[in-house]
Amino acid sequence: MKNFAFILHPLDCNDVARKFNFTRFMPDTLIEKTIRLLPPIKISSITGIRSPESEIEGTFVSCLLTAKQMIELPQSFVLNKIIQAGRLAEKMGAEVVGLGAFTKVVGDAGITVAKNLNIPVTTGNSYTVAIALEGAKKAAQLMGHDLKRARVTIIGATGAIGSVCALFLARDVKNLTLVGRNEAKLHLLADRIMYETGLAAEVSSNVKATLRKSDLVITVTSSMDTIIQAEDLKPGAVVCDVARPRDVSRKVIEERDDVLVIEGGIVEVPGDVNFNFNFGFPPKTAYACMAETMILALEGKMESYTLGRELTLKQVEDIYQLGKKHGFKLAGFRSFEKPISEEEINTIKQRVRIKVS
């Protein structure tokens, strides 16, 4: 039976307290000082992943640094901690390892980590793109948006995930805006989109001005802070938040009942899977980045599938088809840890009609 591992890390000190209960009473600064000294640990064993083709087992391994620490500590220190986690995965028999959250953002997006391990490494970004786009398109259609007429925006468009999302959507939409901090890179991406699809995409560094006229937003930055607030969105807007930590403020769903915010990249995992760890999802569901590692293991495709900051359309399309082959599928819609049904989406759509009529 093939074996895989996936490297997690606590997003913040509250996540640390979920695993180490005694830290609930410690100040964040003390928690951060403590965990940076600790080696990686095994979080749980993963069992029961089964497709029509094969069955696999896996392990969650934690690199004990928060997202804040991964951004602020010296890059060499952080990369070494991630590599240590990968070596623990090797010792436990993993034949492929996936990088989660900020472990795939630091440095060169997995390339250095892969060079220092004896097993292949993947960031999961290819399958994340495929599932996020499937969910975003379906949500937009349920909200009554015609993609050929809708104003579509990618925030964080020059990143690995954002740029491929933009290239995919450019084949289906007529109004596309690319948002990011580096306008030179945005223009390069817009030129590529024009060359490959014929679509003239707009570019902008003004997030709020762009959001106010957007019907569908896919946001995938690596920001530590929320960048989308309740007052930024037009009635009827659909936001697919692929970022972790989230780009969308919780106040959006608290103060706006006329917009739809969904989490991007969540899938149903085939088989009678047990993760033996609660990361906030219903049973048998996982992030798409986790699922990419599982798909590779089920397929016996032990290779560093997605590394670095360049993704290709073919990578995304191929892993999506492999996911279908092994029984992975979009896991409905979730918004801030809670499932949201198509009936609830229809209620939001009705509110929009009342407000704009």
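Here, every reference points to the structure presented above.
On a predicted model such as this, the values are computed, not experimentally measured, just so you know. (Residues numbered from 1 in each chain as written. Predicted model: local features only at pLDDT ≥ 70, side-chain atom pairs only at ≥ 80, totals over all residues. Heavy atoms only, no water.)

Moving on, we get to the packing of helix H6 (residues 125-142) against helix H7 (residues 160-169). In the contact formed by H6 and H7, the axes pass within 10 Å of each other and the chain directions differ by 50°. The angle between the axes of H6 and H7 places the two elements in the oblique class. Pair H6 / H7 crosses with right-handed handedness. Residues Asn 125, Thr 128, Val 129, Leu 133 and Lys 137 of H6 form the contact with H7, whose participating residues are Ala 160, Ile 161, Val 164, Cys 165, Phe 168 and Leu 169. For the contact of H6 with H7, the per-class residue count stands at 8 nonpolar, 2 polar and 1 charged. (Axes fitted to C-alpha atoms, helices over the stretch in contact; angles between N-to-C directions. Helix = DSSP H or I, 4+ residues; strand = E, 2+ residues; numbered from the N terminus. Parallel < 35°, antiparallel > 145°, perpendicular 65-115°, else oblique. Left-handed = near helix turned anticlockwise from the far one by under 90°. Contact = heavy atoms within 4.5 Å. Nonpolar A, V, L, I, M, F, W, Y, C, P; charged D, E, K, R; others polar.)

In this structure, the second largest pocket occupies an estimated 360 Å³ of space. Ranked by residues supplied to the lining of the second largest pocket, first place goes to helix H13 (residues 342-356) with 4 residues. By residue class, the composition of the lining of the second largest pocket is 8 nonpolar, 2 polar and 6 charged. (1 Å grid on protein atoms, 1.4 Å probe; cavity = no way out; pocket = protein on both sides within 12 Å on 5 of 7 lines; lining within 4 Å. Points joined across faces, edges and corners; volume = space filled by probe spheres on them.)

Here the focus is the packing of H7 against helix H12 (residues 313-325). Geometry of a packed helix pair, given as the angle between the helix axes and the separation of the axes. It is at 10 Å that the axes of H7 and H12 come closest, and there the two elements cross at 85°. When the axis of H7 is compared with that of H12, the two are roughly perpendicular. Within the contact between the two elements, H7 uses Val 164, Leu 167 and Phe 168 and H12 uses Leu 313, Val 316 and Glu 317. Looking at the contact of H7 with H12 residue by residue, the class counts come to 5 nonpolar, no polar and 1 charged.

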